[in-house]
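What follows is the residue order along each chain.
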Amino acid sequence: MTSLTEFSLPIQGLTEGQHEFNFQIDKDFFKHFESAPIQQSNIQVRLDFDKRSDMFVMDFDISGTANIECDRCLELFDFPIAVQNQLLVKKADEAKEDLDIIYIIDGTSILNVAKYIYEFICLAIPMSKVHED
């Protein structure tokens, strides 16, 4: 994931308050993840980043289409993606993750959000992928 530097947020250099980041997710993004269920996509991500003194609040708005394989006929089709998720980031003595809370070591200067975007997109795809045709 080191080559996904455009998804690294310079959290230490940001002032307190609201910040917006926009990302385009395409086939190059999914190449960085082993066994990715998506090979091509046209997905936009808007990240509203609220830096507070005690934590960071990240609101992800993800929309677009993912090109996936139909489980019934094996034909590729564009599946619509529309997801909104929130993550909280708090400072702690050790880095760890809970359900919707990420703990980072105090003094961390960069936070890469690619992994979280990938997880949100994958969770938006149903277990049974069947198109209407």
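This write-up is about the structure you can find in this document. A quick note: this is a predicted structure, and the numbers were derived from the prediction, not measured.

**Section: the sheet that holds strand E5 (residues 76-92)**
Sheet strands pair by backbone hydrogen bonding; their relative direction is either parallel or antiparallel.
Part 1 of the argument: The strand order across the open sheet formed by six strands is E2-E3-E4-E5-E7-E6, and the pairing between neighbours is mixed. Edge positions in the sheet fall to strand E2 (17-25) and strand E6 (96-97), since each of these pairs with one other strand and no more.
Part 2 of the argument: One ladder, built from nine bridges, connects E2 with strand E3 (residues 40-51); its direction is antiparallel. Each bridged residue has a counterpart across the sheet, and for Gly17 the counterpart in E3 is Lys51.

**Comments concerning the packing of aromatic side chains**
Part 1 of the argument: Enumeration over the complete set of coordinates arrives at nine aromatic pairs.
Part 2 of the argument: Taking 6.2 Å as the distance between ring centres and 55° as the angle between the ring planes, the aromatic pair formed by Phe30 and Tyr118 counts as tilted. Residue Phe30 is found in helix H1 (residues 27-30), and its partner Tyr118 is found in helix H2 (residues 114-124); the two are separated by 88 residues along the sequence. Each member of the pair, Phe30 as well as Tyr118, carries the same accessibility label: buried.
Part 3 of the argument: Overall, the relative accessible area of 13% leaves Tyr118 in the buried class.
Part 4 of the argument: Ring-pair connections join several aromatic residues into one group, and the members of that group are Phe7, Phe23, Phe29, Phe30, Phe33 and Tyr118.
Part 5 of the argument: Seen from the ring of Tyr103, Lys96 lies directly overhead, with NZ or CZ sitting 5.2 Å from the centre.

**Examining the side chain of Asp50**
Part 1 of the argument: Turning to its location among the elements, Asp50 is positioned in strand E3.
Part 2 of the argument: For Asp50, a relative accessible area of 13% translates into the label buried.
Part 3 of the argument: Here Arg52 takes part through its side chain, which lies 2.9 Å from a polar atom of the side chain of Asp50.
Part 4 of the argument: Excluding its chain neighbours within four sequence positions, the residues that come into contact with Asp50 are Gly17, Gln18, Met55, Phe56 and Val57.

**Here's the deal with the side chain of Lys51**
Part 1 of the argument: Mapped onto the elements, Lys51 comes out in strand E3.
Part 2 of the argument: Reaching out from Lys51, the side chain makes a polar contact with the backbone oxygen of Ile11 at a distance of 2.8 Å.
Part 3 of the argument: Side-chain polar atoms of Lys51 contact the backbone oxygen of Leu14, separated by 2.7 Å.
Part 4 of the argument: Beyond its immediate sequence surroundings of up to four residues, Lys51 is in contact with Ile11, Gln12, Leu14, Thr15, Glu16, Gly17 and Phe56.

What counts and how
Residues numbered from 1 in each chain as written. Predicted model: local features only at pLDDT ≥ 70, side-chain atom pairs only at ≥ 80, totals over all residues. Heavy atoms only, no water. Pairing = 2+ DSSP bridges. Helix = DSSP H or I, 4+ residues; strand = E, 2+ residues; numbered from the N terminus. Phe/Tyr/Trp six-rings, centres within 6.5 Å; stacked < 30°, edge-to-face > 60°. Buried < 20%, exposed > 50% of the residue type's maximum accessible area, 1.4 Å probe, protein only. Lys NZ or Arg CZ within 6 Å of the ring centre and 35° of its normal. Polar contact = N/O pair within 3.5 Å; in protein donor to acceptor, adjacent residues only side chain to side chain. Contact = heavy atoms within 4.5 Å.

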